[in-house]
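Structure at a glance
Below, each chain spelled out in residue letters.
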Amino acid sequence: MCDIVCLAMADDQSNRGPEWGMSTGWAIVGTLISGMLVWGGIGWLIDWWFNVSFGLPIGLVLGAAGAIFLVVKRYANLSSE
Amino acid sequence: MEKAVRVSLAAEFPPGLKDFDYAPLADFHVFGVEFAITKLTLLTWIAIAGISIFFLLAVRKPQLVPGRMQWMGESAYGFIRDGMARQVIGEAGVRFAPYLTTLFLFIVANNIYGVIPLAQISPTAKISLPVALALISFVLFNWIGIRQHGAATYFRNILFPPGVPIWLYPLLTPIEFFSTLVVRPVTLAVRLFANMFAGHLLLLVFILGGATLLASDNFLFKGFSFFSFLLAIVLSLFEFAVQLVQAYVFTILTASYLQGALAQQH
């Protein structure tokens, strides 16, 4: 539990207030949604063009994984500082 | 006569998209593009004039010990400068305080029209105004980023986050492109628009619904209209809070995007 909360709330600079936490939250949500939209969309197009059905699920999972990787990469190091 | 009024009120229920379309008070063509001046346009102009007059009065005769107008103007500006520009962007953010303050007050003014009698519609409840505001913020934060780091470095940092294995870039670069250059401006505009749109519709449902119930011939329905109107009043207060919060969120996200463009520490 603390892993998530502490990451989101960790202040890497003392002059940053709760506003910073809020915009970080929006940024994380935006990244996660983007990941699934972009790669889910590409997978859906592959389905549509080649008349197959595995593109969308693979794309969604791939996009979600990429987005989670990005979020961890960008925000996880804050707690260690 | 009274019967006619009742019928005309009841006829407007249920509310829908038509309630967001105002008849043009004047329209004209510029290079073949049609422009229409509606109630919403007028409200926006009044907001601009009101904010301008407010600040002109506030700084007309600046004194060391501020008068009431000066105090109000300085509080509004100080709130955004210290609470937002400094908090989110840091010392470098003070130069954005005028833009952020203007943005915040403009959105607040346009939002709270939704609960002001006679106005009773937020110009931001139509997508065009939020889109225009989001575009200004979008262009601004990209321009600031490009000026700070140079176009090549700025876009390389967006598209190729450092500290990532090269073979992952084909997966991550489209996500970064989409989240920074598409999702940011779109959500900025849609968040404000959707909140104001839904708020207006919600108030219409309970106010027009109450009127419809009151106009019905059924004795019980007439009684129930009381609760509909009561809820309309409670929701008006709720909407007022939402309108302030949404203006704040829009401004703080703009500030946070500016901070990201300036610092760019991925």
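Anything mentioned here points back to the structure above.
To keep things clear, this report deals only with the structure shown in the data block.

Section: the overall build of chain A
Secondary structure assignment for chain A yields three helices and zero strands. Shown N-terminal to C-terminal, the secondary structure of chain A runs as helices and strands in the order α-α-α. Sorting the 81 residues of chain A into buried and exposed places 25% on the buried side. Partitioning the intrachain contacts of chain A with sequence separation of at least 6 by distance along the chain shows that 54% fall at a separation of at least 24.

A closer look at the pairing of strand S2 (residues 33-37) of chain B
Residue and element names in this part refer to chain B. Along S2, only zero of the five residues are buried, which leaves the element largely exposed. Sheet analysis places strand S1 (residues 26-30) next to S2, joined by five bridges and oriented antiparallel. Counterpart to His29 in the pairing with S2 is Glu34. Counting the residues in the hairpin turn of S1 and S2 gives two residues, including Phe31, whose phi is positive at 50°.

What to know about the nonpolar core
Counting 39 residues, the largest nonpolar core has Ala85, Leu100, Ala255 and Leu258 of chain B as the members making the most contacts within it. Of all the elements in the fold, those that place two or more residues in this core are helix H2 (39-58), helix H3 (68-89), helix H4 (97-112), helix H5 (128-149), helix H7 (169-215) and helix H8 (219-263) of chain B. When residues no more than four places from it in sequence are discounted, the contact partners of Leu100 of chain B are Ile80, Met84, Ala85, Thr251, Thr254 and Ala255 of chain B. Counting ten residues, the second-largest nonpolar core is a separate cluster that includes Leu70 of chain A together with Leu172, Ile175 and Val183 of chain B.

A word on the interface of chain B and chain A
Listed as interface residues are 20 residues of chain B and, on the opposing side, 22 residues of chain A. Contributing elements (two or more residues each) for the side of chain B that touches chain A: H3, H7 and H8 of chain B. Element by element, the count of residues in the side of chain B that touches chain A is highest for H7 of chain B, at nine residues. Taken together, the residues of the side of chain B that touches chain A break down into twelve nonpolar, seven polar and one charged.

Some details on unusual backbone geometry
The backbone of Asn51 of chain A sits at a positive phi, close to 60°, despite the residue not being glycine. Using a count of 7 C-beta atoms within 10 Å as the deciding quantity, one classes Asn51 of chain A as exposed. Its identity as a non-glycine residue notwithstanding, Phe31 of chain B has a phi of 50°, on the positive side. Relative to the elements of secondary structure, Phe31 of chain B occurs in the loop between S1 and S2. The exposure class assigned to Phe31 of chain B is exposed, which follows from the 4 C-beta atoms found within 10 Å.

A word on the environment of Thr153 of chain B
All names here are of chain B. In this structure, Thr153 sits in helix H6 (residues 151-159). You can call Thr153 partly exposed: it has 13 C-beta atoms within 10 Å. On a C-alpha basis, the gap between Thr153 and Gln264 in space is 9.9 Å, while along the polypeptide they are 111 residues apart.

Some details on the packing of helix H3 (residues 55-75) of chain A against H7 of chain B
Two numbers describe how H3 of chain A lies on H7 of chain B: the axes approach to 10 Å, and their chain directions differ by 80°. The angle between the axes of H3 of chain A and H7 of chain B places the two elements in the roughly perpendicular class. Two secondary-structure elements touch here, H3 of chain A through Leu62, Gly63, Gly66, Ala67 and Leu70 of chain A and H7 of chain B through Leu171, Leu172 and Ile175 of chain B. Taken together, the residues of the contact of H3 of chain A with H7 of chain B break down into six nonpolar, two polar and no charged.

Remarks on H7 of chain B
Here H7 of chain B is 47 residues long and its end C-alpha atoms lie 64 Å apart, about the 69 Å a rise of 1.5 Å per residue gives. The largest bend in H7 of chain B comes to about 45°, at Val183 of chain B, with the proline Pro185 of chain B one to four residues further on.

Rules used throughout
Residues numbered from 1 in each chain as written. Chains lettered and ligands numbered in written order. Predicted model: local features only at pLDDT ≥ 70, side-chain atom pairs only at ≥ 80, totals over all residues. Helix = DSSP H or I, 4+ residues; strand = E, 2+ residues; numbered from the N terminus. Buried ≥ 20, exposed ≤ 12 C-beta atoms within 10 Å, placed from the backbone. Contact = placed C-beta atoms within 7 Å. Pairing = 2+ DSSP bridges. Core = buried A, V, L, I, M, F, W, Y, C linked by C-beta atoms within 7 Å. Nonpolar A, V, L, I, M, F, W, Y, C, P; charged D, E, K, R; others polar. Axes fitted to C-alpha atoms, helices over the stretch in contact; angles between N-to-C directions. Parallel < 35°, antiparallel > 145°, perpendicular 65-115°, else oblique. Expected span 1.5 Å × (residues − 1). Bend = angle between axes of the 7 residues up to and from the residue.

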